[in-house]
Every structure is written in structure tokens, then in C-alpha cells.
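# Structure at a glance
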Amino acid sequence: MDWIEALILGLLQGLTEYLPVSSSGHLAIGSTLFGIEGEENLAFTIVVHVATVLSTLVILWKEIDWIFKGLFKWQMNDETRYVINIIISMMPVGIVGVFFKDEVEAVFGSGLLVVGCCLLLTAALLTFSYYYKPTPKPNISRRDAFIIGLAQACAVLPGLSRSGSTIATGLLLGNDKARLAQFSFLMVIPPILGEALLNSIKLAQGEAVAGDIPALSLLVGFLAAFVSGCLACKWMINIVKKGKLIYFAIYCAVVGLVTILLG
């Protein structure tokens, strides 16, 4: 992987992690076009995912600071309830990661046909959430947090957008758009860091190979994912507030159809 390929893939990861178009699907498409195998791409995947987590911390620092200040008051307040909801939302994807990891990896290796079909599913979900108008709710309940977590667990499939699935599910449940976007981006931090840690352990124990990726390519990919992630995170919050997800549904539908044809 040269630095130009790393730049393109890093930009793809940073932008598509937050935009509802599937980062895993776009990375799979980009890696296929560049001829990069999954094992060779593992170290790079770890680097760009960590970069997107850091971009979340930067853009949503005020919210994170608010959570920790309230959490360490050691009382049941709004901040503690928020953390409880995040923990609840993590349970489904945690179960999938621990007990169904091999099955998920098998799907990830199924080629562009699966990616294309899941992109069409993302398009359908975004379209439904755009036109359906449920009764609005002021806060995300624990029940809603778990259902949104189920959506995140399903989004381990390549092409099924994590942000698209969680945000669309939250909208269908009637949750506030601005609160939902922030919750969706914060709830993914622990799973991404957990996955990066597990992959790093694999590399350290020799269970997986990092591939011969130059340090410059890793650095370029990291910076590209971080900068584009910051821009996409901030942009996506504004998009959700304005309810403009239908345009991403059209994009996912077009890319999904093209991917199926290519696959």
C-alpha cells in the first residue's frame, strides 16, 4: 500500500464512519479496487479506526466533558443515566463480537455482492426513517438505547451503515435528532476501541499478519481519517438536525446497485 492509496482509504474511512453510507462497505470496495487483502489491511484498519475515534473525542469534547464531570459526582443524575444508556447500547454488539465473530468474518469475506445488498438495505432504512413521523420523545430511554444497540450490532455487516442504522432506528423510535446524532457517535467509541485492541493483540501474538505497509502510509492514512472524520462528524450532526438523510439513501442505492453489478 503506497501513501496515495493510504490517503484515499483514510479519507474514505473518516468520511464514511459518520456519514450514513457504511465505512466498512466503502473500505471493502476501495481495498478490492486496490487489490489489498484483508490480512494485509489489518494494521491499516486499526490505525484509521483509532483516528476516527480521536476525531469523535475532538468534535464532541464538550459532551464528553459534561458526561465525566457528572459521572464522578457519584450520584444518579442525567450524566450517569447517559452512561448507562451507552453501556446498554454496547451489549448487543459485544455479544456479536464475542460469540459470533467467526460468522461475521465469514460474511466480511463474501465479496462485493454482500456489500451491495447491504447498501441497498441502508438506503431502504434511511428512506423509511425520512418519511415516517413518529411521536417525538425528549430523551433516549433505556429501551430505545438497547434497540439502537441492536441496530449497531446488525451493522457489523459490510455495507450496512452503522451511523445510518443507529440514527435511522432512533428516528423511527421518535428520539430528538440532535441528541440522537451525538448519542450515535459516542456509543461507537468503546466498540471501535475494543475491536482495535483485540486486533492489536492478534498482531502481537502472531495470530494475524500486519502486512508490509510502510510507516508513511500508516501516518498518511491516520491523518486523512482523523481530519476527514472531524469534518464528517460535525457535518453529520447538522445534517441529522435538518433531516436531510434522504440524499444519502439515494447515494447508497446507486452505489449498492453499481457494487452488485461489479461483484
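Use the structure listed above.
This section reports on the structure supplied with the text.

Criteria and cut-off values
Residues numbered from 1 in each chain as written. Predicted model: local features only at pLDDT ≥ 70, side-chain atom pairs only at ≥ 80, totals over all residues. Heavy atoms only, no water. Helix = DSSP H or I, 4+ residues; strand = E, 2+ residues; numbered from the N terminus. Contact = heavy atoms within 4.5 Å. Salt bridge = Lys/Arg side-chain N within 4 Å of Asp/Glu carboxyl O. Buried < 20%, exposed > 50% of the residue type's maximum accessible area, 1.4 Å probe, protein only. Patch = residues over 30% accessible without salt bridge, like charges linked within 9 Å, V, L, I, M, F, W, Y side chains within 5 Å. Areas by Shrake-Rupley, 256 points an atom, 1.4 Å probe, with all protein chains shown as cover. Axes fitted to C-alpha atoms, helices over the stretch in contact; angles between N-to-C directions. Parallel < 35°, antiparallel > 145°, perpendicular 65-115°, else oblique. Left-handed = near helix turned anticlockwise from the far one by under 90°. Nonpolar A, V, L, I, M, F, W, Y, C, P; charged D, E, K, R; others polar. 1 Å grid on protein atoms, 1.4 Å probe; cavity = no way out; pocket = protein on both sides within 12 Å on 5 of 7 lines; lining within 4 Å. Points joined across faces, edges and corners; volume = space filled by probe spheres on them.

Another aspect to go through is the overall build of the protein chain. For the protein chain, the count of helices and strands is 13 helices and zero strands. Shown N-terminal to C-terminal, the secondary structure of the protein chain runs as helices and strands in the order α-α-α-α-α-α-α-α-α-α-α-α-α. A separation of at least 24 residues holds for 82% of the contacts in the protein chain among residues at least 6 apart in sequence.

Let us look at the environment of I4. Within the fold, I4 resides in helix α1 (residues 3-18). Separated by 213 residues in sequence, I4 and S217 have C-alpha atoms that sit 7.8 Å apart.

For the rest of this paragraph, the subject is the pattern of salt bridges. Following the criterion strictly, the structure yields five salt bridges and no others. Close ionic contact of R162 with E17 constitutes a salt bridge, the shortest N to O distance being 3.5 Å. A residue pair is termed long-range when its members are at least 10 positions apart, and R162 in helix α9 (residues 162-172) and E17 in helix α1 qualify at 145 residues. Relative accessible area serves as the criterion here: at 10%, R162 is assigned to the buried category. Accessibility expressed as a relative area gives 5% for E17, which makes it buried. One salt bridge in this structure joins D144 and K137, with 2.9 Å as the shortest N-O distance. Three or more residues are tied together by salt bridges with common partners; here these are K137, R143 and D144.

Before going further, it helps to spend a moment on a nonpolar patch on the surface. On the surface, a nonpolar cluster with roughly 770 Å² of combined accessible area is contributed by W3, I4, L7, I8, L11, L15, L216, L219 and L223. Sort the elements by how many residues they give to the nonpolar patch and α1 lands first, with six residues. Tracing the sequence through the fold places W3 in helix α1. Take W3: its relative accessible area is 44%, and that puts it in the partly exposed class.

A word on the environment of G164. Looking at the element boundaries, G164 is found in helix α9. Along the backbone, G164 and V21 are 143 residues apart, and their C-alpha atoms lie at a distance of 6.9 Å. Here G164 is in contact with P20, L125 and L126, once residues within four sequence places are set aside.

Here we take up the packing of helix α7 (residues 112-131) against α9. Contact geometry of α7 with α9 gives a least axis separation of 9 Å together with a crossing angle of 30°. On the basis of the axis angle, α7 is roughly parallel to α9. With respect to the hand of their crossing, α7 and α9 are arranged in left-handed fashion. Together, L125, L126, F128 and S129 of α7 and G164, S165, A168, L171 and L172 of α9 make up the contact between the two elements. Looking at side-chain class alone, the contact of α7 with α9 contains six nonpolar, three polar and no charged residues.

This part covers the side chain of S217. Mapping S217 onto the fold places it in helix α12 (residues 215-242). In contact with S217, not counting residues within four places along its chain, are M1, D2, W3, A6 and F44.

Another point: empty space enclosed by the protein. Following the criterion strictly, the structure yields one cavity of 30 Å³ or more and no others. Empty space within the largest cavity amounts to approximately 40 Å³. Looking at the largest cavity, the residues that line it are T45, I46, H49, I192, E195, A196 and N199. Put simply, the parts of the chain that give the lining of the largest cavity at least two residues each are α3 (42-59) and α11 (189-205). Tallying contributions element by element places α11 first for the lining of the largest cavity, with four residues.

All quantities given are derived from atomic positions and should not be read as evidence of function.
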